[in-house]
Amino acid sequence: MVESLIGFGAILGLAFIGIPLGVSMLLVGIAGFFFVRNMTAALSMAGQQVLDLSTTYGFTVLPLFVLMGTFIHRARLSEELYDATNAWLGHRRGGLAMATVGACAGFAAVSGSSLATAATMSKVAMAPMRRFKYADSLAAGTIAAGGTLGILIPPSVPMVIYGILTESDIGKLFVAGVIPGLLLVVLYFGAIALLTALRPEMGPPGERFDWPARWRALGKVWGVVVLFVLVLGGIYLGVFTPTEAAAIGAAGAMLFAMGRRRLALSSMIDALIDAGRTTAMIFMVGFGALVFSNFINLAGLPDAMVALIQAFDVPVIGVILIICAIYVVLGCVFDSLAMLLLTVPVFFPIVDSLGVDPIWFGIVIIIVVEIGLITPPIGMNVFMVKTVLEDVEIWTIFNGVWPFLAATLIGLALIVAFPGIALLLPDLMPNLR
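Each chain has its residues counted from 1, following the order in which its sequence is written. Under the rules for a predicted model, residues below a pLDDT of 70 receive no local features and side-chain atom pairs below 80 are neither given nor counted, while totals for whole chains, interfaces and linings still include all residues. The basis for the side-chain values is all heavy atoms of the structure; hydrogens and waters are excluded.

1. Comments concerning the overall build of the protein
Helical segments are the DSSP runs of H or I of at least four residues, strand segments are the runs of E of at least two, and each set is numbered from the N terminus. Across its full length, the protein holds 22 helices and zero strands. For the protein, whose C-alpha radius of gyration is 22 Å, the value lies close to the compact-globule estimate of 22 Å for 433 residues. When the backbone C-alpha atoms are referred to their principal axes, the protein occupies close to 70 × 50 × 50 Å. Using a 1.4 Å probe on the protein chains alone, a residue whose accessible area is under 20% of its type maximum counts as buried, one over 50% counts as exposed, and one in between counts as partly exposed. Relative to its 433 residues, the protein shows a buried fraction of 55%. For the protein, long-range pairs separated by at least 24 residues make up 80% of all intrachain contacts whose partners lie at least 6 apart in sequence. When the accessible surface of the protein is totalled, it reaches about 17,700 Å², and 69% of it is carbon and sulfur. Values of the radius of gyration come from C-alpha atoms, whereas the globule rule sets the reference at 2.2 Å times the count of residues to the power 0.38. Every residue pair with non-hydrogen atoms within 4.5 Å of one another is taken to be in contact. In these tables, accessible area is a Shrake-Rupley quantity obtained with a 1.4 Å probe, and a residue counts as shielded only by the protein chains included in the view.

Here you go:
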């Protein structure tokens, strides 16, 4: 166990001096395995893990969903999503912020990435909110927090990673994220309504649209609805597997972008290159995480933690809360994929030994990772918004996310207290197949 803790410390040290996380975990994992066994065993284990991950059929879902999100981004669907939600909500106090959350949810349903959602909506939503004199803190905070929905509303890249690491049903994970995702949207609406009720000057009402204009705006986002229903509905009804759904979604997104005349040959090549780079980065971190997890398993950290929990007779809910607290702390220094790849191999054996449902635990972990994306000092979504909105101070954005952070914590508490919120739809899936 001591060797494992030293390994975690070494990874943190390498990360702070600028070594990429995937490389850090790979080096520490090989060095730790060498220390416990020998160099031949360490190199053999590392090579086998890289080969196994590279040839895992389930991992093919990852580049396909990344490609789907890239094509959707090229189709510039974000503007239509924002216009549609603005037409229905913008005339309310705080309505433009609510419209931003709604547009983030819609974009998340076909992109699967929090950072992509935050970056895209920063370009789309900030200007209208400033035009109607919204406070920069509320406007930028809404975009950063709304972007976190990208990893909860399916399809979700972190859900794919979690499913592969724990050998859980990715299709059920996707379906399980629907109701919690909608719950967080409603809670974010509530946070905006409460804040603007207390301080009306932060979010004045926007333009009111008549009913024909609202329906016209809604009609422009049919592509999101079709792709979401096609991908998730097909998985839910058992028509195709998550991998097949990803392929259909990527092809559908490509055809949608081409139909809008926004995907020339050069743009298609750029989209393929972007998706390839993102996938390569994820695979590199995955290689390092698997090698490092083999080291900590050999060093006995999961077994030692299970024994410690049993010795102190910690209740299941206590274990879940401790794990959530650790994730919140880690979220201050790591991004979402790094946290999952680094910690799931440690925590999952513990909760599995306690009989915790892996689908429910996956949703809980994804929500806690969302919290990490908007907490200081390194909330990745906050920094992404800052990168796009260079004239907004970083602490202005952090000040704006606190109401949404409170709303997320309320949502997390509800899902922990009532697991059926996440498990209702997955539990119905076998009856429909």
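Once you've had a look at it, read on.
2. Brief notes about the packing of helix 9 (residues 157–166) against helix 19 (residues 358–372)
Angles here are taken between N-to-C directions and fall from 0 to 180 degrees, while the axes themselves are lines fitted to C-alpha atoms, restricted in helices to the stretch in contact. Axis separation between helix 9 and helix 19 bottoms out at 11 Å; the angle between their running directions is 140 degrees. Put simply, helix 9 runs oblique to helix 19. The chirality of how helix 9 crosses helix 19 is right-handed. On the side of helix 9, the interface is formed by P158, M159 and Y162, while helix 19 contributes P358, F361, G362, I363 and I366. Lys, Arg, Asp and Glu make up the charged group, whereas Ala, Val, Leu, Ile, Met, Phe, Trp, Tyr, Cys and Pro make up the nonpolar group; the residues left over, Gly among them, are polar. Partitioned by chemical class, the residues of the contact of helix 9 with helix 19 number seven nonpolar, one polar and no charged. Angle categories are assigned with fixed cut-offs, so that under 35 degrees is roughly parallel, over 145 is roughly antiparallel, 65 to 115 is roughly perpendicular, and the rest are oblique. Less than a right angle of anticlockwise turn of the near helix away from the far helix marks a crossing as left-handed, whereas a clockwise turn marks it as right-handed.

3. So, the nonpolar core
If you look at the biggest cluster of nonpolar residues, it comprises 158 residues, and the most contacted ones within it are W360 and F361. If we skip the residues at most four places from it in the chain, W360 touches I320, I415, V416, P419, A422 and L423. For this analysis, a nonpolar core means a set of buried residues of the types Ala, Val, Leu, Ile, Met, Phe, Trp, Tyr and Cys, connected via side-chain atoms within 4.5 Å.

4. Here we look at the side chain of T148
With respect to the secondary-structure elements, T148 resides in the loop between helix 8 (136–147) and helix 9. Of the residues examined, T148 reaches a relative accessible area of 0% and is grouped as buried. A polar atom in the side chain of T148 sits 3.5 Å from the side chain of Y188. In this structure, T148 is in contact with S114, Y188, E370, L373, I374 and N381, ignoring residues within four places of it in sequence. Polar contact is defined as a pair of N or O atoms within 3.5 Å, subject to the rule that within protein one atom must be able to donate a hydrogen and the other to accept it, and that residues adjacent in sequence are counted only when both atoms are side-chain atoms.

5. Things to note about empty space enclosed by the protein
Whether a set of points on the 1 Å grid over the protein atoms alone is a cavity depends on a 1.4 Å probe fitting there but being unable to get out, while an open set qualifies as a pocket with protein on both sides within 12 Å along at least five of seven lines; lining residues are those with an atom within 4 Å of a point. Grid points are joined across faces, edges and corners, and a volume is the space filled by probe spheres set on the points. Under the counting rule described, the total for this entry stands at one cavity of 30 Å³ or more. Of the voids in this model, the largest cavity is the one considered here, and its volume is about 40 Å³. When contributions to the lining of the largest cavity are tallied by element, the ones reaching two or more residues are helix 9 and helix 15 (265–299). For the lining of the largest cavity, the per-class residue count stands at six nonpolar, one polar and no charged.

6. Quick word on unusual backbone geometry
For the bond from P154 to P155, the omega torsion is 0 degrees, close enough to zero to count as cis. Within the secondary structure layout, P155 lies in the loop between helix 8 and helix 9. The phi dihedral of K133 falls on the positive side, at around 65 degrees, and the residue is not glycine. With respect to the helices and strands, K133 occurs in the loop between helix 7 (114–131) and helix 8. On the basis of relative accessible area, K133 is assigned to the exposed category, the value being 64%. Positive phi outside glycine occurs at E167, with the angle close to 60 degrees. As for its placement among the helices and strands, E167 is situated in the loop between helix 9 and helix 10 (170–176).

7. Focus on the packing of aromatic side chains
Note on aromatic contacts: the rings of Phe and Tyr and the six-membered ring of Trp form a pair at centre separations within 6.5 Å, being stacked when their planes are under 30 degrees apart, edge-to-face when over 60 apart, and tilted otherwise. Under the counting rule described, the total for this entry stands at 11 aromatic pairs. Seen from their ring centres, W88 and W211 are 5.4 Å apart, and the 80 degrees between their planes marks the pair as edge-to-face. Note that W88 is positioned in helix 5 (residues 77–89) and W211 in helix 12 (residues 211–219), a separation of 123 residues in sequence. Residue class for W88 comes out partly exposed when judged on its relative accessible area of 24%.

8. Brief notes about the layout of surface pockets
Within this model, the largest pocket holds a volume of roughly 750 Å³. Forming the boundary of the largest pocket are 30 residues, of which S113, S114, L115, A116 and T278 lie nearest the centre. Of all elements in the fold, only helix 4 (61–74), helix 6 (95–111), helix 7, helix 9, helix 15, helix 18 (336–353) and helix 20 (380–388) reach the threshold of two or more residues within the lining of the largest pocket. Considering each element in turn, the lining of the largest pocket owes the most residues, six residues, to helix 7.

9. A closer look at the side chain of Q49
Examined against the element boundaries, Q49 turns out to sit in helix 3 (residues 39–54). On the basis of relative accessible area, Q49 is assigned to the buried category, the value being 16%. Leave out the neighbours within four places in its chain, and Q49 touches L290, V291 and N294.

10. As for a nonpolar patch on the surface
A patch is a set of surface residues, each over 30% in relative accessible area and not in a salt bridge, joined within 9 Å for like charges and within 5 Å for the nonpolar side chains Val, Leu, Ile, Met, Phe, Trp and Tyr. Salt bridge, as applied in this entry: a Lys or Arg side-chain nitrogen positioned within 4 Å of an Asp or Glu carboxyl oxygen. On the surface, a cluster of nonpolar side chains totalling about 280 Å² of accessible area is made up of F34, M39 and L43. The residue F34 is located in helix 2 (residues 21–36) in this model.

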